[in-house]
Amino acid sequence: MPTETSTAVIDALRWRYATKSFDATKKIPASQFERLEDALQLSPSSFGLQPYKFVIVTNQKLKDELLAACWNQAQVVNCSHFVILARDLEINEKSVETYVDLISETRNVPAESLKAYKDMMIGYVKNSTPEKLADWASKQAYIALGNLMTVAATFKIDNCPMEGIVQPEVDRILNLKEKGCSAVVACALGYRAEDDKHAQLKKVRFSKEKLFIHI
């Protein structure tokens, strides 16, 4: 049976939309943004390897500089927090070993007991081309993006996913290569402006009959 919480989540998803105009005077409280960071941290990923970084931009000068690298979309400069979801540039045997050590420490189990899992992950990494690993890591970032937008909506925090970014320019402005990552997608978060006409538009979605195939 649906619970009050699950119903609230669906209502929040009906409420949210890709916000086009943010109120630049309204900022997300630190306590609430910390919950959004929790959502990103807790996002699932393939193998649990979390091959990404989340770059949080609140510095107005940097947001202004990013505008041209984001197709001049005003959300970048007017939002409260601009989040870049970036893939790790180095995904290798050491990445796997670091993760396995964390599992061992967190769950208090011998690292040796995780050998089969470790070998499987190392095999995937070693047998993948750099291009395949980059594509794989990017897909993991999109899973985190979905979590971020859903949780933000439950807090009535507006958001807009943004694929319209010039990745090399975003990397350059934020010095992401020096931080070991590269931009994949972005998300602007904040509060909708009262005159954003898109807030009043009916949500357009295909019917369940068209979208779902039950076998």
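**Examining the sheet that holds strand β1 (residues 52–57)**
No. 1: Taken together, the 4 strands give an open sheet; going across it, the order is β1-β2-β4-β3, and neighbouring strands pair in antiparallel fashion. This sheet does not close on itself; its edge strands, each paired only once, are β1 and β3 (158–162). In this sheet, neighbouring strand axes are inclined to one another by 25° on average, regardless of whether the strands run parallel or antiparallel.
No. 2: Note: β1 against strand β2 (residues 81–88), 6 bridges, orientation antiparallel.

**Overview of the nonpolar core**
No. 1: Counting residues in each nonpolar core, the largest one holds 22 residues, and the members touching the most others are L66, F82, I84, M162, V170, L174 and L176.
No. 2: Going through the elements one at a time, β1, β2, β3, α8 (167–174) and β4 (181–190) are the ones with two or more residues in this core.
No. 3: Counting residues per element, this core draws most heavily on β4, at 4 residues.
No. 4: Apart from residues no more than four positions distant in its own chain, I84 is found in contact with K53, F54, V55, V170, L174, L176, A183, V185 and A186.
No. 5: Core analysis: the second largest hydrophobic core is formed by 19 residues, I28, V83, M149 and A152 among them.

**Considerations on the packing of aromatic side chains**
No. 1: Enumeration according to the criterion identifies 4 aromatic pairs in this entry.
No. 2: Note on Y52 and F54: the rings are 4.9 Å apart at their centroids and 35° apart in plane angle, and the pair reads as tilted.
No. 3: Ring-pair connections join several aromatic residues into one group, and the members of that group are F47, Y124 and W136.
No. 4: Positioned above the aromatic ring of W15, the side-chain terminus of K156 is 5.1 Å from the ring centre.
No. 5: Its guanidinium or amino end placed over the ring of F206, K210 lies 5.3 Å from that ring's centre, counting from NZ or CZ.

**Topic: the packing of helix α2 (residues 30–41) against helix α7 (residues 130–154)**
No. 1: In the contact formed by α2 and α7, the axes pass within 8 Å of each other and the chain directions differ by 150°. Between α2 and α7 the crossing geometry is right-handed. Residues L36, A39 and L40 of α2 form the contact with α7, whose own contacting residues are A144, N147, L148, V151 and A152.
No. 2: Split by residue class, the contact of α2 with α7 holds 7 nonpolar, 1 polar and no charged.

How each quantity is defined
- Residues numbered from 1 in each chain as written.
- Predicted model: local features only at pLDDT ≥ 70, side-chain atom pairs only at ≥ 80, totals over all residues.
- Heavy atoms only, no water.
- Pairing = 2+ DSSP bridges.
- Helix = DSSP H or I, 4+ residues; strand = E, 2+ residues; numbered from the N terminus.
- Axes fitted to C-alpha atoms, helices over the stretch in contact; angles between N-to-C directions.
- Core = buried A, V, L, I, M, F, W, Y, C linked by side-chain atoms within 4.5 Å.
- Buried < 20%, exposed > 50% of the residue type's maximum accessible area, 1.4 Å probe, protein only.
- Contact = heavy atoms within 4.5 Å.
- Phe/Tyr/Trp six-rings, centres within 6.5 Å; stacked < 30°, edge-to-face > 60°.
- Lys NZ or Arg CZ within 6 Å of the ring centre and 35° of its normal.
- Left-handed = near helix turned anticlockwise from the far one by under 90°.
- Nonpolar A, V, L, I, M, F, W, Y, C, P; charged D, E, K, R; others polar.

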